[in-house]
Amino acid sequence: MVAARGTPLNEGIRFGRIFYYSEHMGHAAFDEIKEPTIVVAVDLTPGDTIRFGRLNVVGLVVKNAAPNSHTAILSRTMGLPALCGEEVDAQWHGLPAIIDGGGELIVNPDEPTRSEYALKADDFDARQRELASVSRDLSAVTKSGNSILLYANINAVSDVENAIANGAAGIGNFKTEFMFMESSDLPGEEQQFQIYTAMASRLGTGKFVIRTLDVGADKTPGYLHLEPEENPALGYRAIRISLDRRDIFVPQIRAILRASAYANVAIMYPMIVSVDEVLQIKEIVGQVMEDLTGEDIPFNRDIEQGIMIETPAAVLISDDLAPLVDFFSIGTNDLTQYMLAIDRTNPRLAERYGPSHPAILRSIKLVAENARSAGAWVSISGELAADEALTSTFLDYGVDALTVSPSRIPQLKVAVRNID
Ligand code: PEP
Ligand code: MG
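Residues numbered from 1 in each chain as written. Chains lettered and ligands numbered in written order. Predicted model: local features only at pLDDT ≥ 70, side-chain atom pairs only at ≥ 80, totals over all residues. Heavy atoms only, no water.

Draft legend 1. Inspection of the overall build of the protein at higher detail. From N to C terminus, the protein includes 17 helices and 16 strands. Computed over its C-alpha atoms, the radius of gyration of the protein comes to 21 Å, within 12% of the 22 Å expected for a compact globule of 420 residues. Along the three orthogonal principal directions, the C-alpha set of the protein runs to about 65 × 50 × 40 Å. A total of 420 residues make up the protein; the buried ones form 54% of that total. Within the protein, residue pairs in contact and separated by at least 24 positions form 65% of the contacts whose partners lie at least 6 positions apart. In the form shown here, the protein has an accessible surface area of approximately 17,300 Å², with 49% of it arising from carbon and sulfur atoms. (Helix = DSSP H or I, 4+ residues; strand = E, 2+ residues; numbered from the N terminus. Rg over C-alpha atoms; globule rule 2.2 N^0.38 Å. Buried < 20%, exposed > 50% of the residue type's maximum accessible area, 1.4 Å probe, protein only. Contact = heavy atoms within 4.5 Å. Areas by Shrake-Rupley, 256 points an atom, 1.4 Å probe, with all protein chains shown as cover.)

Written out as structure tokens, the structure reads:
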């Protein structure tokens, strides 16, 4: 029996057989997953994480991941216990194991250990279910009557059910790039429209914020043929690609606008650094609206449009940006990366500098003030939004919504309701 310790990424206890994965295995690896499997890897791309999540994978142990990396975020949305930062060993391949997302991987557990963890797993799952069912229909309101909306961050159509089951007030960030990454080709307007309306119809009247394509850096669908870059996190990504590639952006905007005729849909644009970008977006969206009108296609002309505030530039010019939009969503994962100059995928740095650094908290305060002055609403959609130690601070700052992984909502709702 070997017990290896790692940094917790997502809680939960699961039993499975270890599959030691490395990228050079290619697609054949995915066909090998049959029984409950704990994937162990040195590196795992967001694309591979999504693919494993669709299979019988019950846990992830990734040496080179960090709490704000996409692998960590995906593990939370998909409800997979996950660890990072520990040394991993190819010799473990095929061995039975227990992953405890609280910080441990036990390889080749003996019988007493198996029994102990089976009880712990049942207990954990029962508590989660109980928390979700007790809190599902309650609103997130403090004892003195201050309320905040708790939305879900999601990556796929199937996550909508999970968001509803956990009592989300809506979807605060549908990260459409994962839909693009799961597809072998560029998804067209009609395909996207079908997906957005199917999701919206499950949500009913709840808000449904659809974020336009945020690819680049570590999210690179092969068919886009993005060139390798020296500094990908500072490179060709997100809105920079959308503004260049009208063949991608316009069909996505058309699909979102068309879906807005049937549900409470809002559009959100990622990685904004300038007023000029927002003006360019508005010009394109205005043109698409004219086209749809000319084609007699229904859409909501008053659809809410918002931007991610996830660069220091956007924080500092948030007073200029706020009058141009209906809402801001503060992406603390990227904001932490760019504000503190720490690679969000590097586990060694994650422990040293957290996203509750005063520079991040002051940014949130400033952005919320500027939003309020312009009559825009503001959410936090990075992982920091789920930090219960900061919930009352966010309320004091006037944050209107917190957008978190579906499984975090019940606990966060209870935390809000316990605030005086
Ligand atoms: C963020 O950067 O905080 C965010 C919400 O977006 P993503 O994690 O998808 O980059
Ligand atoms: Mg981001």
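Continuing now.
Draft legend 2. Summary view of the domain arrangement of the protein. Considered domain by domain, the protein is made up of domain 1 (2-109) and domain 2 (139-417). Relative placement of domain 1 and domain 2: their C-alpha centres are 27 Å apart. Both faces considered, domain 1 and domain 2 share a buried interface measuring about 1,900 Å² in area, 51% of it formed by carbon and sulfur atoms. The three residues of domain 1 that bury the most area against domain 2 are N68, H70 and T77, which together make up 35% of that side's buried surface. The interface formed by domain 1 and domain 2 holds 7 residue pairs in polar contact (both at pLDDT 80 or more) in total. Breaking the side of domain 1 that touches domain 2 down by element, the ones donating at least two residues are β2 (7-10), α2 (46-53) and α3 (70-78). For the side of domain 1 that touches domain 2, the element with the most residues is α3, which contributes 5 residues. When its residues are assigned to classes, the side of domain 1 that touches domain 2 shows 8 nonpolar, 8 polar and 4 charged. (Domains from an automatic or database assignment. Buried area = accessible area lost by both parts, 1.4 Å probe. Polar contact = N/O pair within 3.5 Å; in protein donor to acceptor, adjacent residues only side chain to side chain. Nonpolar A, V, L, I, M, F, W, Y, C, P; charged D, E, K, R; others polar.)

Draft legend 3. Focus on the side chain of N173. Looking at where N173 falls in the secondary structure, it is placed in strand β10 (residues 170-175). Its relative accessible area of 1% is what places N173 among the buried residues. Not counting residues within four places of it along the chain, the set of residues in contact with N173 comprises A152, N153, I154, V209, R211, M268, M308, S381 and T403.

Draft legend 4. Spotlight on empty space enclosed by the protein. Counted by the stated rule, this structure contains 3 cavities of 30 Å³ or more. Empty space within the largest cavity amounts to approximately 100 Å³. Forming the walls of the largest cavity are 15 residues, and the residues nearest its centre are K175, R211, E310, N333 and R344. Elements with a contribution of two residues or more to the lining of the largest cavity: β10 and α13 (332-339). Counting residues per element, the lining of the largest cavity draws most heavily on α13, which supplies 3 residues. (1 Å grid on protein atoms, 1.4 Å probe; cavity = no way out; pocket = protein on both sides within 12 Å on 5 of 7 lines; lining within 4 Å. Points joined across faces, edges and corners; volume = space filled by probe spheres on them.)

Draft legend 5. The arrangement of the nonpolar core in detail. Among the nonpolar cores identified, the biggest contains 80 residues, and Y196, F208, Y269, F328, I364 and F394 are the most heavily contacted of them. In this structure, Y269 is in contact with T212, I239, F249, I253, I281, V285, Q305, G306, I307 and M308, ignoring residues within four places of it in sequence. Core analysis: the next-biggest nonpolar cluster, separate from the first, contains 18 residues, L9, Y21, V57 and L80 among them. (Core = buried A, V, L, I, M, F, W, Y, C linked by side-chain atoms within 4.5 Å.)

Draft legend 6. Region of the structure containing the environment of I364. Its place among the elements puts I364 in helix α15 (residues 358-374). Along the sequence, I364 and I330 sit 34 residues apart, while their C-alpha atoms lie 7.2 Å from each other. Once residues lying within four places of it in the same chain are set aside, the contact partners of I364 are I330, T332, I380, L384, F394, Y397 and V399.

Draft legend 7. Geometry of α3. Burial within α3 is extensive, with 8 of its 9 residues counted as buried. For α3, every residue scored as buried is listed here: H70, T71, A72, I73, L74, S75, R76 and T77. Immediately beyond the C-terminal end of α3, within one or two residues, lies G79, with a positive phi of roughly 70 degrees.

Draft legend 8. Region of interest: the coordination of the magnesium ion (ligand 2). The magnesium ion (ligand 2) binds to the protein through E310 (OE) and D334 (OD); the donor distances cover 2.1 Å. Separated by 24 residues along the polypeptide, E310 in the loop between β13 (304-309) and α11 (312-316) and D334 in helix α13 bring together distant segments of the chain. Residue E310 shares its accessibility class with D334, and that shared class is buried. (Donors = N, O, S within 2.8 Å, 3.2 Å for Na, K, Ca; no water.)

Draft legend 9. Focus on the site of ligand 1. Around ligand 1, 15 residues are found, and the nearest of them are R211, E310, G331, N333 and R344. Taking R211, its side chain carries an N or O atom lying 2.8 Å from an oxygen atom of ligand 1. Within the contact set of ligand 1, an oxygen atom lies 3.4 Å away from a backbone nitrogen or oxygen of G331. Here ligand 1 loses 100% of its free accessible area of 290 Å² to cover by the protein chains. With respect to the pocket detection grid, ligand 1 is positioned in the largest cavity. Every element with two or more residues in the shell around ligand 1 is listed here: α3 and α13. (Near = heavy atom within 4 Å. Sits in = over half its atoms within 2 Å of the grid points.)

Draft legend 10. Looking closely at the sheet that holds strand β7 (residues 96-100). Reading across the sheet, the 8 strands line up as β1-β8-β7-β3-β4-β5-β6-β2 and stay open at both edges, with mixed pairing between neighbours. Looking at which strands have only one partner, the edges of the open sheet turn out to be β1 (2-5) and β2. Strand-to-strand twist of the sheet, defined as the mean angle between neighbouring strand axes without regard to direction, takes the value 30 degrees. Most of the contacts of α3 go to β2, to which it runs at about 50 degrees, and overall it touches β2, β5 (57-62) and β6 (82-84). (Pairing = 2+ DSSP bridges. Axes fitted to C-alpha atoms, helices over the stretch in contact; angles between N-to-C directions.)

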